Amino acid sequence: MIKLRIKTKLALALTFFFFMIVLIGGMGLLAINHLASQSKDILKANYESIEYAENMQQALDKYEVYRADAINMFEKNLKAQENNITEIGEQDATTKVRDMFEQLKKTDTISSTTLVKKLRAGIYVINELNTEAIVRKTNETQNATEKANIYLAILVTVTLLISFSFLVNFPGYIANPIQKLTEGIKQIANKNYSQRIYLQKGDEFGELAEAFNSMAEKLDEYHNSNLAKIIFEKKRIDTIINGMKDPIIGFDERKNVLFANASAIRVLGLDEKELIGKYGPDIALKNDLLRSLINSNGSVTPLKIYADNKESYFTKETLKIMAESQSIGEVIMLRNITQFKELDLAKTNFIATISHELKTPISSIKMSTKLLSDERIGETNQEQRELISHIKDDCDRLLTITSELLNMTQVETGNIHLKFQPTSPKGIIEYAIAAIKLQAEQRRIELETKYEANLPNVIADAEKTVWVMINLLSNAIRYSPEQSKIIIEVKQRDKSVLFSIKDFGVGIEEKYLPKLFEKYFQVPEGNRSGTGLGLAISKEFIEAQNGKIGVESNIGKGSMFYFTLPTS
């Protein structure tokens, strides 16, 4: 029996789901393109022939009064019809109409009544052929649609059944071995070193069970060993620690250095004699890196250290060593994340480049839609105007997304360019309201402003602050019911000015509030038209200006977003 690793199983499952998604999407696109092609054929060929026939009938209607104009109009539409023959029998009918029309041109008005009647009959035949073709093609299109729906329904059903089976079985596949491992660890913690775990699996869980059993055996040996064995095991552990590439430093409860592997000694730039057995804080007085490691408790910011002949990034992990509820020391581990940092920077630069390059064609498309909607270029029908409006909305949405991505790349790279200057709080509000006024009017939402008297100027970047205000107002409008109200209030608070935006929408559940300002987070079952970056960018912009941002919300009563900026 072939034993697959968990990674391989996941890869196969995800590959299957990816294939099914591509298959469903491909069939959907093929069906849509097929229907679009058939609809285009109907409009292009048959509908135009019907239109030509109607125009020829109209020409015959005014033949007796305006003979010359009628003949010209008839000739023009007949030529067009001769170039648009698509149906069986349409060629013969058109040829007969041409012959009768040639006779009509040679006949005087008085004796042309019979020919006109025959022409009308011939035109009716053309009209009837194209009308029947439209009905036939419409039925064919409907049948193709029904078949496509059946095929897609079968594929979706199969995919859902397999997905459901995967969701039902896979959690147990992962959770059961973990539960056994947890129980085994608890037994080991209670000094039951005879505990063993048996998993009949050839994947990572099996390897983990083997590693656990090996550990339990070693602990059992250690528990029953003499001093010589203890010293031997200590040397083995020292060898393992020294063989690790990540720097590791161990301290006792008095902050004396117990051990440090070769990587740690190399990164610190010290000799082993200057480090091992010495009091850590004393060494830290002359070593900036060790001082940072000892003092940066709880810090999640990566440390920049010159290692491996280049600037490298490390994360610090501190492991407290406890014995009978008392701390007997700690171990500091530095994990090299330079590769991930470089990949993250490459990702950020890629997003910035793509976003920047997209803005030009999107702006060009937006300008083109504006020209198309200009009646001086040419008249458009209602359907065309709706399509142009949809294109314009999509362009605006894409421009917003690319702008948010560019702002986020500034935030991630730390390249936020701020122009601090005294700025009027009222001016910030008025500029933001002017930008979203049309959006509010479309939903018939009233924007009420409240200003405290004698407001001082704030020291801020006006452009970034207006961006934040527009983003908060747009969110408030999006989540507010029509014909409601949004209250914008500005107050002075100590040495800062408080800006608040209060809406009366559905509100946000309390459990989601701490995550609102995280990148890409969106409230489940909410309006997902955005990227999830707006509030994260707003937080970075406000905090970069020495301000604070927050939110208060109650379900059914609306939300209030607020931020503060320092005054002059």
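In short, a report on the structure. Every residue gets a number counted from 1 within its own chain, in the order that chain's sequence is written. Local features in a predicted model are, by the rule used here, given only for residues with pLDDT of at least 70; side-chain atom pairs are given and counted only at 80 or more, and totals for whole chains, interfaces and linings are based on all residues. As a convention, hydrogens and water are excluded, and side-chain values are obtained from all of the structure's heavy atoms.

### Side note on the overall build of the chain
Think of it this way: any DSSP run of H or I at least four residues long counts as a helix, any run of E at least two long counts as a strand, and we number them from the N terminus. Counting its secondary structure elements, the chain contains 15 helices and twelve strands. Burial classification: accessible surface area is computed with a 1.4 Å probe over protein chains only, and a residue below 20% of its type maximum counts as buried, one above 50% as exposed, and the rest as partly exposed. Residues counted as buried form 34% of the 568 residues belonging to the chain. By definition in these notes, contact holds between two residues if any of their heavy atoms fall within 4.5 Å. In the chain, the share of contacts with a sequence separation of at least 24, taken over all contacts with a separation of at least 6, comes to 62%. Each accessible area is a Shrake-Rupley result for a 1.4 Å probe, and residues are judged covered by the shown protein chains and nothing else. Here the chain displays about 35600 Å² of accessible surface, and carbon together with sulfur accounts for 56% of that area.

### Considering the packing of aromatic side chains
When the centres of two rings from Phe, Tyr and Trp lie within 6.5 Å, Trp using its six-membered ring, the rings pair. Their planes under 30 degrees apart give stacked, over 60 give edge-to-face, and anything left gives tilted. If you walk through the whole model with that rule in mind, you get four aromatic pairs. Ring plane angle 75° and centroid distance 5.7 Å describe the contact between Trp467 and Phe541, whose orientation is recorded as edge-to-face. One end of the pair, Trp467, is in helix 14 (residues 462-478); the other, Phe541, is in helix 15 (residues 534-544), and 74 residues separate them in sequence. On the basis of relative accessible area, Trp467 is assigned to the partly exposed category, the value being 23%. Considering the side-chain rings of Phe499 and Phe563, the 4.9 Å spacing of their centres and the 10° angle between planes classify their relative orientation as stacked. Of this pair, Phe499 sits in strand 10 (residues 496-502) while Phe563 sits in strand 12 (residues 558-566), and the two are 64 residues apart along the sequence. Exposure class is identical for Phe499 and Phe563. Each is buried. Remark: a charge is flagged as sitting over a ring if the NZ atom of Lys or the CZ atom of Arg is within 6 Å of the ring centre and within 35 degrees of the ring normal. The aromatic ring of Tyr451 is capped on one face by Lys426, whose charged end is 5.5 Å from the ring centroid.

### Topic: the packing of helix 13 (residues 425-442) against helix 14
Working note: a packed helix pair is described by the angle between its axes plus the distance between those axes. Note on geometry: axes are lines fitted to C-alpha atoms, helical ones only across the stretch in contact, with angles between N-to-C directions running from 0 to 180 degrees. Contact geometry for helix 13 and helix 14: axes closest at 9 Å, N-to-C directions at 35°. At the point where helix 13 passes helix 14, the crossing takes the right-handed sense. The residues of helix 14 that touch helix 13, namely those facing Ile428, Ile429, Tyr431, Ala432, Ile433, Ala435, Ile436, Gln439 and Ala440, are Thr465, Val466, Met469, Ile470, Leu473, Ser474 and Ile477. Along the lines of polarity and charge, the residues of the contact of helix 13 with helix 14 split into 13 nonpolar, three polar and no charged. By convention, the crossing between two helices is left-handed when the near helix turns anticlockwise from the far helix through less than a right angle, and right-handed when the turn is clockwise. Under the grouping applied here, Gly and all other residues not named as nonpolar or charged are polar, the nonpolar ones being Ala, Val, Leu, Ile, Met, Phe, Trp, Tyr, Cys and Pro and the charged ones Asp, Glu, Lys and Arg.

### Examining the pattern of salt bridges
Each reported salt bridge corresponds to a side-chain nitrogen of Lys or Arg within 4 Å of a carboxyl oxygen of Asp or Glu. Scanning the model with the defined rule gives 16 salt bridges in all. Across the pair Glu75 and Lys105 runs a salt bridge whose closest N-O atoms are separated by 3.7 Å. Here Glu75, found in helix 2 (residues 67-82), pairs with Lys105, found in helix 3 (residues 90-106); they are 30 residues apart in sequence, far enough to count as distant. For Lys105, a relative accessible area of 31% translates into the label partly exposed. Close ionic contact of Arg98 with Glu82 constitutes a salt bridge, the shortest N to O distance being 2.8 Å. With Arg98 in helix 3 and Glu82 in helix 2, this pair connects stretches of sequence that are 16 residues apart. Given a relative accessible area of 15%, Arg98 falls into the buried group. Taken together, the shared-partner salt bridges in this structure form one network comprising Glu75, Lys79, Glu82, Arg98, Glu102 and Lys105.

### Topic: the sheet that holds strand 12
Pairs of strands are assigned from DSSP output, requiring at least two bridges between the strands. Taken together, five strands build an open sheet; the order of strands is 7-9-10-12-11 and the sheet is mixed. The open sheet has two edge strands with one neighbour each: strand 7 (446-451) and strand 11 (548-554). Strand-to-strand twist of the sheet, defined as the mean angle between neighbouring strand axes without regard to direction, takes the value 15°. Relative to strand 9 (residues 485-493), strand 7 runs parallel, the two being bridged by six bridges. Bridge pairing in strand 9 places Glu448 opposite Ile487. Together, strand 7, strand 9 and strand 10 form the strand contacts of helix 13, whose direction differs from that of strand 7 by roughly 175°. Contacting strand 9, strand 10 and strand 12, helix 14 crosses the sheet at an angle of about 175° to strand 12.

### Overview of the nonpolar core
Among the nonpolar cores identified, the biggest contains 38 residues, and Met469, Leu473, Ile486, Phe499, Leu516, Phe561 and Phe563 are the most heavily contacted of them. Elements that contribute at least two residues to this core include exactly helix 13, strand 8 (458-460), helix 14, strand 9, strand 10, helix 15, strand 11 and strand 12. The leading source of residues in this core is helix 14, at seven residues. Apart from the residues lying within four places of it in its own chain, the contact partners of Phe499 are Pro425, Ile428, Ile429, Met469, Glu489, Val490, Phe561, Tyr562, Phe563 and Leu565. Think of a nonpolar core as a cluster: buried Ala, Val, Leu, Ile, Met, Phe, Trp, Tyr and Cys residues, connected wherever their side-chain atoms sit within 4.5 Å. Residues Ala260, Ile265, Leu270 and Leu290 belong to the second largest nonpolar core, which totals 21 residues.

### A short note on the environment of Asn454
Within the fold, Asn454 resides in the loop between strand 7 and strand 8. Note on Asn454: relative accessible area 74%, which makes it exposed. Taking C-alpha positions, Asn454 is 9.0 Å from Gln492, a pair spaced 38 residues apart along the chain.

### Structural notes on the side chain of Thr94
Relative to the assigned elements, Thr94 resides in helix 3. Note on Thr94: relative accessible area 1%, which makes it buried. For Thr94, the contacting residues outside a window of four places in its chain are Leu78, Gln81, Glu82, Ile85 and Ile126.

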